[in-house]
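A look at the structure
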Amino acid sequence: MLSVVKRGSSTMGALLADELTGDTTVSATATEVLDRFNLDFAKTFDISSVTINGTAVKGFSRSGEHELIVTPARRIPSGARFDVRVVYSGKNGDARFNPETGGMFVIGEPHSATSWYPSNDHPSNKTTFRWHEDKPLATWTAILAIAKFTIVNAALSDGTPVISAYAPGAEAAARKYGDRVPEIIDFLSTKFGRYPFSSAGGIYFNEQVALGLETQSRPFYPGIDLPEVVSSLIVHEQAHQWFGDDVTGKQWRDICVAECFASYASWLWIEAKEGQNLDAKYHEIVVANKDKPEFWHIPLYNPGAEKYLWAVYRTGPLMLHALRRTVGDGAFDRALTQWQEQHSGGNASWPDFEALVQHISGKDLSGFFRAWTRSTTIPADEYLYPGSLKH
């Protein structure tokens, strides 16, 4: 049987060239009697020892790509708190290492955390890292970044520190975007509520990749100059600090809790800052894809492990804009802020959000959500064109 971490903590070792040496302690609570239990940890590492509360375990073994199976010396009773210490070293297969500058970073979604420290790698199991983070953190939102950074300090309007770190070669291209982070977070705070962490900022690497990642309180960005970097990338990853990082889905099927809102945040930004008409943008996308079944065939709720990003980026913001037009701005805005107030630092499911917005609006939204988040076809016109979206 296995059933492990409710809350945990971790400390890291050192990085030598491209080899990581680590000494991680996971603080766990047994939710049932444990003869053995699993942690998630990449098999690329050599493990020198595993102990529980300072006592050597009976044994440990590896299974699959990232299962570490631990057999304690004695059965662990239900409800018992215990510390599992894993000492290890080896190559990190997900790390990008620059021998010229000494820079290195490890990021990825959804499973990169297992490539540098043992954990219970599941969105429902958030942890607190003594060395870094003072609020619960989902494993995929952790980052390890080493470089000769240029540090730039700023602050939000309420005084929250904003710390931006630019790797060599990144500042020239990225600084003009990084300097706008306080403005972006202050704007998002008017939509979602107070920024949820004790500091903000970003990490900018000199990498030619057109993507970012919502690593908690310090999103990762490439230090490159691209059109729409602010609206499509920085706003998106900063919105994740509320949706996905502070409030995380209970299961992978709840990915819309993170990505649908982060994608729609970019719409809110261009509406407020660039004067774009979102109804016109919505109609343009719908018209372009109305006769393309493949555009609509992946549901937003429980889209499947291999295809989830297709749905949440394409139809996620459409669904939320249609929801906004269905319930009205007042109810929609209250749902966004109450979501954070009710679930800050924890986990909540997409059905939990559906229940919240239905309660706030006082409307029966079961048909709307069935059409937009469970169906594999384009929604019927009554759900596709609500309110001001009607022709």
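Conventions and cut-offs
Residues numbered from 1 in each chain as written. Predicted model: local features only at pLDDT ≥ 70, side-chain atom pairs only at ≥ 80, totals over all residues. Heavy atoms only, no water. Salt bridge = Lys/Arg side-chain N within 4 Å of Asp/Glu carboxyl O. Buried < 20%, exposed > 50% of the residue type's maximum accessible area, 1.4 Å probe, protein only. pLDDT = per-residue confidence, 0-100. Contact = heavy atoms within 4.5 Å. Helix = DSSP H or I, 4+ residues; strand = E, 2+ residues; numbered from the N terminus.

An unreviewed UniProt entry lists the protein under the name M1 family metallopeptidase, with Amycolatopsis minnesotensis as the source organism.

**Some words on the pattern of salt bridges**
On inspection of all chains with the given rule, the structure shows 14 salt bridges. A salt bridge links Arg180 to Glu183, with the shortest nitrogen-to-oxygen separation between them at 3.0 Å. The exposure class of Arg180 is partly exposed, given its relative accessible area of 32%. Each of Glu271, Asp279, Arg324, Arg325 and Asp329 takes part in one network of salt bridges that share partners.

**Notes on the confidence of the model for the protein**
Per-residue pLDDT for the protein averages 86, and the proportion of residues at 70 or more is 85%. In this model, residues 1-16 is a region of pLDDT below 50 whose contacts with residues beyond four sequence positions or in other chains number 71 contacts.

**Some thoughts on unusual backbone geometry**
In most cases, non-glycine residues show a negative phi, while peptide bonds are predominantly trans. Despite not being glycine, Ser217 has its phi angle at roughly 70°, a positive value. With respect to the helices and strands, the residue Ser217 is situated in the loop between β14 (200-205) and β15 (220-222). Ser217 gets classed as buried once you look at its relative accessible area, which sits at 4%. Even without being glycine, Asn302 reaches a positive phi, approximately 60°.

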